[in-house]
Amino acid sequence: MNLGVEMREQFPVTRRYKYLNHAAISPPPLFVLEEAERYLRNVSELGTEEVNRIEEDDFRSMREDVAKLIGASWDEVAFVPNTSYGFNFIVHGLDWREGDNVVTDSLEFPTVVFPWLKLKRKVEVRIVKPNVETFEDSVLSHVDSRTRVVAVSHVGFNTGLVVDVKRLAREAHSQGALIVVDVIQSVGAVNVDVREMEADFAVAGGYKWLMSPQGSGFIYVRKGLLGDPPFYGWRTSKNFESYDATNFEIESGPRRLEPGTIDVAANLAMARAARFIKENSSEVLQAVNDLSGYANRRAQEEGLEVVTPMRKRAGITVVMAPKNSELSRHMLANGVVVSPRGGGIRISTHFYNTRGEVDEAVRLISQWVRRSGQ
Ligand SMILES: Cc1ncc(COP(=O)(O)O)c(C=O)c1O
């Protein structure tokens, strides 16, 4: 039995829907949900005893679970409530000089672009307009010696394109710039190795391909960066357990990146999911690749226009269709959950989906496109 079939019972959503919307929100499987639930129940019964038990190692084991999945070390990982917070943390954590620029692009999710606009008085924000075929060339053509940051997604939310981050990182570094990568659409769907891609920062919420509750998320900060974080709180202090407001010395470990209380339940669940994906990575990632390849091929066989390049895909397949919001509602009425994105329908399949579910999505899109063409 393959892993997807074996694990399908863990995803109650499959009883009701053909759920192909993991690039929006992944319903947590039961074993992930149980991790959060157990903690919350224990806190309800035991209060600080349970909280202190979990926090005893300063979340080191939770950090390790995430770090192992992304090829980082535990002290380069901190927990954030969402991707947008992680981006803002970086924006306000770097030193800026008049005339610096940031290079990003128009195909990004707004969170990759908007936080830099806060710097606009001092810093030029270059929003490149690339296309899918020549994405990296377009971005790089705007990088120069005054570029401080290149900000991109590893996988495009509205194209499904897997970006060659390593190429961008090398060029950025050669100009003295840093690279910030939004990995929310890649981690859990394709291999993410922050060292291999030479990322300086990576950020993701856990609620997409990591199949974790909203409120979970992480930031990867390469060793040596953000030694002095942009925000201070009780947890950024070295002797934080002394609760002495007259004595502040900055913490050097990853706790310096977490000014206050984190969402423990959500991040415990994310750490559990990260462990599962790491332990089963070849099967999970292969199944994601197979299903998106199947969706891409089936849509093309139906004569539909597919935005996502077959050879540079992760778990997302974007198929062009008119009146896409209406179509996604029509698909929902027929039990198929997708999102209208990028001028079409975004099908996003996780490892436990089936080819039959993809067939049904493609059939509905094809029928819609044929009818609208008449
Ligand atoms: C590329 C990308 N980044 C970020 C997000 C979500 O941002 P946040 O975690 O701040 O809600 C999404 C969600 O759709 C996304 O596709």
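- In the annotation of an unreviewed UniProt entry, the protein is listed under the name Cysteine desulfurase and assigned to Sulfodiicoccus acidiphilus.

## Focus on the sheet that holds strand β11 (residues 339-341)
Argument step 1. Strands sit in the order β9-β12-β11 across an open sheet of 3 strands; the sheet is antiparallel. The open sheet has two edge strands with one neighbour each: β9 (316-320) and β11. Ignoring strand direction, the axes of neighbouring strands in this sheet form an average angle of 40°.
Argument step 2. Inspection of the sheet shows β9 paired to strand β12 (residues 344-348) by 5 bridges, in the antiparallel sense. Looking at β12, one finds that Ile316 is bridged to Ser348.
Argument step 3. On the sheet, helix α11 (residues 281-301) packs against β9 and β12 and is oriented at approximately 15° with respect to β9.
Argument step 4. On the sheet, helix α12 (residues 324-333) packs against β11 and β12 and is oriented at approximately 165° with respect to β11.

## Description of unusual backbone geometry
Among all residues save glycine, negative phi is the norm, and among peptide bonds the norm is trans.
Argument step 1. Positive phi values are uncommon outside glycine, yet Asp58 reaches one of about 55°.
Argument step 2. Its location among the elements puts Asp58 in the loop between α4 (48-55) and α5 (60-70).
Argument step 3. Despite not being glycine, Glu198 shows a phi value in the positive range, around 60°.
Argument step 4. With respect to the helices, strands and loops of the structure, Glu198 is situated in the loop between β6 (178-182) and β7 (201-205).
Argument step 5. Overall, Glu198 belongs to the partly exposed group, with 18 C-beta atoms counted inside 10 Å.

## Quick look at the nonpolar core
Argument step 1. Counting 111 residues, the largest nonpolar core has Val150, Tyr220 and Ile365 as its most contacted members.
Argument step 2. When residues are assigned to domains, this core turns out to be shared by domain 1 (3-29 + 281-373) and domain 2 (57-278), each giving three or more.
Argument step 3. Those residues in contact with Val150 that lie beyond four places of it in its chain are Val103, Val139, Val143, Leu168, Ala172, Ala177 and Ile179.

## A word on the sheet that holds strand β8 (residues 217-221)
Argument step 1. The strand order β2-β8-β7-β6-β5-β3-β4 describes an open sheet built from 7 strands, whose pairing is mixed. Across the chains shown, the open sheet's two edge strands, defined by having one partner strand only, are β2 (77-79) and β4 (124-128). The sheet shows a mean angle of 20° between the axes of neighbouring strands, direction not considered.
Argument step 2. Strand direction decides the pairing type here: strand β3 (residues 101-105) and strand β5 (residues 147-153), joined by 3 bridges, are parallel. Across the sheet, the residue bridging to Val102 is Val149, located in β5.
Argument step 3. Those strands touched by helix α6 (residues 83-91) are β6, β7 and β8, and its axis lies near 155° from that of β7.

## Things to note about the site of the ligand
Argument step 1. Near the ligand, the surroundings consist of Asn82, Thr83, Ser84, Phe109, Thr111, Ser153, Phe157, Asp182, Ile184, Gln185 and Gly205.
Argument step 2. A class-by-class count of the residues in the shell around the ligand yields 3 nonpolar, 7 polar and 1 charged.

## Details of the UniProt feature "domain: Aminotransferase class V" (unreviewed entry) in the protein
Argument step 1. Within this structure's numbering, the places UniProt gives as "domain: Aminotransferase class V" (unreviewed entry) are residues 19-359.
Argument step 2. Each end of residues 19-359 is marked by a C-alpha atom, and these two atoms are 13 Å apart; helix forms 35% of the span and strand 15%.

## Points about the environment of Val306
Argument step 1. Here Val306 lies in the loop between α11 and β9.
Argument step 2. Residues Val306 and Thr159, 147 residues apart in the sequence, show an inter-C-alpha distance of 9.2 Å.

## Points about the pairing of β3
Argument step 1. For β3, a buried count of 5 out of 5 residues is recorded, marking the element as mostly surrounded by other parts of the structure.
Argument step 2. The alternating pattern of β3 places Asn101, Val103 and Asp105 on one face and Val102 and Thr104 on the opposite face, and all of these are buried.
Argument step 3. Following the backbone out of β3, through helix α7 (residues 110-117) and into the adjacent parallel β4, one traces a crossover that is right-handed.

## Some words on the pairing of β8
Walk down a regular strand and you will see the side chains alternate between the two sheet faces.
Argument step 1. The buried count for β8 comes to 5 of 5 residues, which makes it a mostly enclosed element.
Argument step 2. Side chains Gly217, Ile219 and Val221 project from β8 onto one buried face, and the interleaved Phe218 and Tyr220 project onto a second face that is buried too.
Argument step 3. Strand direction decides the pairing type here: β2 and β8, joined by 3 bridges, are antiparallel. Looking at the pairing, Phe79 lines up with Phe218 of β8.
Argument step 4. Examined bridge by bridge, β7 and β8 share 5 bridges and lie antiparallel to one another. Bridge pairing in β8 links Ala202 to Tyr220.

## Digging into the environment of Arg170
Argument step 1. Here Arg170 is to be found in helix α9 (residues 165-174).
Argument step 2. As a C-alpha pair, Arg170 and Ala189 span 19 residues in sequence and 24 Å in three-dimensional space.

## Focus on the packing of helix α3 (residues 30-46) against α4
A packed helix pair is summarised by two numbers, namely the angle formed by the two axes and the spacing between the axes.
Argument step 1. In the contact formed by α3 and α4, the axes pass within 6 Å of each other and the chain directions differ by 135°. In terms of orientation, α3 lies oblique with respect to α4. Where α3 approaches α4, its residues Tyr39, Asn42, Val43 and Leu46 are matched on the opposing element by Glu49, Glu50, Val51 and Ile54.
Argument step 2. Taken together, the residues that form the contact of α3 with α4 break down as 5 nonpolar, 1 polar and 2 charged.

## Overview of the domain arrangement of the protein
Argument step 1. Domain assignment breaks the protein into domain 1 (3-29 + 281-373) and domain 2 (57-278).
Argument step 2. Listed by partner, the interface residues are 23 residues for domain 1 and 22 residues for domain 2.
Argument step 3. Those elements giving two or more residues to the side of domain 1 that touches domain 2 turn out to be α11 and β9.
Argument step 4. Here the element with the most residues in the side of domain 1 that touches domain 2 is α11; it accounts for 4 residues.

Conventions and cut-offs
Residues numbered from 1 in each chain as written. Predicted model: local features only at pLDDT ≥ 70, side-chain atom pairs only at ≥ 80, totals over all residues. Pairing = 2+ DSSP bridges. Helix = DSSP H or I, 4+ residues; strand = E, 2+ residues; numbered from the N terminus. Axes fitted to C-alpha atoms, helices over the stretch in contact; angles between N-to-C directions. Contact = placed C-beta atoms within 7 Å. Buried ≥ 20, exposed ≤ 12 C-beta atoms within 10 Å, placed from the backbone. Core = buried A, V, L, I, M, F, W, Y, C linked by C-beta atoms within 7 Å. Domains from an automatic or database assignment. Near = placed C-beta within 6 Å. Nonpolar A, V, L, I, M, F, W, Y, C, P; charged D, E, K, R; others polar. UniProt positions renumbered as here; feature names shortened; annotations may be inferred. Right-handed = clockwise from strand over helix to strand, strands pointing away. Parallel < 35°, antiparallel > 145°, perpendicular 65-115°, else oblique.

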